[in-house]
Amino acid sequence: MSEIKKIRCEEAISRLLEFLDRECDDHTHAEMDKHLSDCQACYSRMEFEQRLRSQLKKTGAQQVPGSLKGRIDKLFAGTVKK
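This one's a predicted model, so the numbers in the text were calculated from it and none came from an experiment.

**Details of the overall build of the protein chain**
Thinking step 1. In terms of helices and strands, the protein chain carries four helices and zero strands.
Thinking step 2. Mapped in sequence order, the helices and strands of the protein chain form the string α-α-α-α.
Thinking step 3. Here the C-alpha radius of gyration of the protein chain, 21 Å, is well above what a compact globule of 82 residues would show, namely 12 Å.
Thinking step 4. Seen through its principal axes, the protein chain has C-alpha atoms that stretch 60 × 25 × 20 Å.

**Considerations on the nonpolar core**
Thinking step 1. Formed by Ile-7, Ala-12, Leu-16, Phe-19, Leu-20, Cys-24, Met-32, Leu-36, Cys-39, Cys-42 and Met-46, the largest nonpolar core amounts to eleven residues.
Thinking step 2. Elements that contribute at least two residues to this core include exactly helix 1 (9-20), helix 2 (26-38) and helix 3 (40-60).
Thinking step 3. Residue contacts for Leu-36: discarding those within four places in its chain leaves Phe-19, Cys-42, Tyr-43 and Met-46.

**Describing the pattern of salt bridges**
Thinking step 1. One pass over the full model with this rule turns up seven salt bridges.
Thinking step 2. Arg-53 is the partner of Asp-21 in a salt bridge, and the nearest nitrogen-oxygen pair spans 2.5 Å. Here Asp-21, found in the loop between helix 1 and helix 2, pairs with Arg-53, found in helix 3; they are 32 residues apart in sequence, far enough to count as distant.
Thinking step 3. According to the relative accessible area criterion, Arg-53 is partly exposed, its value standing at 26%.
Thinking step 4. A network of salt bridges, in which partner residues are shared, links Glu-11, Arg-15 and Glu-31.

**Some points on a nonpolar patch on the surface**
Thinking step 1. Where nonpolar side chains cluster on the molecular surface, the patch consists of Val-64, Leu-68, Ile-72 and Phe-76 and spans about 340 Å² of accessible area.
Thinking step 2. Position of Val-64 among the secondary structure elements: in the loop between helix 3 and helix 4 (66-79).

**Description of the confidence of the model for the protein chain**
Thinking step 1. Within the protein chain, residue pLDDT values average 88, and 91% of them lie at 70 or more.
Thinking step 2. Put simply, helix 4 is where the protein chain has its lowest mean pLDDT, 85, and helix 1 is where it has its highest, 96.

**Topic: the packing of helix 1 against helix 3**
Thinking step 1. Relative orientation of the contacting elements helix 1 and helix 3 amounts to 30°, with a least axis distance of 10 Å. One way to sum up the angle between helix 1 and helix 3 is to call them roughly parallel. Here the hand of the crossing between helix 1 and helix 3 comes out right-handed. Judged by residue contacts, Cys-9, Ala-12, Ile-13, Leu-16, Leu-17, Phe-19 and Leu-20 of helix 1 engage Cys-42, Arg-45, Met-46, Glu-49, Gln-50 and Arg-53 from helix 3.

The rules behind the values
Residues numbered from 1 in each chain as written. Predicted model: local features only at pLDDT ≥ 70, side-chain atom pairs only at ≥ 80, totals over all residues. Heavy atoms only, no water. Helix = DSSP H or I, 4+ residues; strand = E, 2+ residues; numbered from the N terminus. Rg over C-alpha atoms; globule rule 2.2 N^0.38 Å. Core = buried A, V, L, I, M, F, W, Y, C linked by side-chain atoms within 4.5 Å. Buried < 20%, exposed > 50% of the residue type's maximum accessible area, 1.4 Å probe, protein only. Contact = heavy atoms within 4.5 Å. Salt bridge = Lys/Arg side-chain N within 4 Å of Asp/Glu carboxyl O. Patch = residues over 30% accessible without salt bridge, like charges linked within 9 Å, V, L, I, M, F, W, Y side chains within 5 Å. Areas by Shrake-Rupley, 256 points an atom, 1.4 Å probe, with all protein chains shown as cover. pLDDT = per-residue confidence, 0-100. Axes fitted to C-alpha atoms, helices over the stretch in contact; angles between N-to-C directions. Parallel < 35°, antiparallel > 145°, perpendicular 65-115°, else oblique. Left-handed = near helix turned anticlockwise from the far one by under 90°.

Next up, the structure:
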């Protein structure tokens, strides 16, 4: 495996979502791990992104009341022509 290079904050931030989604290759993942372990600012940004994602997942898990779903269905039925 090639040597892990030190990346700059700008590059780390641009790759952060790819890193969190586990979409980067092993070498890039290792570079990001190294940078995040050394850089408090980028690590804080990563923590923020993780908390935001967690809150968004919780929001999407709530059930819609039946009465609201019925009103929405009626609105869509009036705009869609069959």
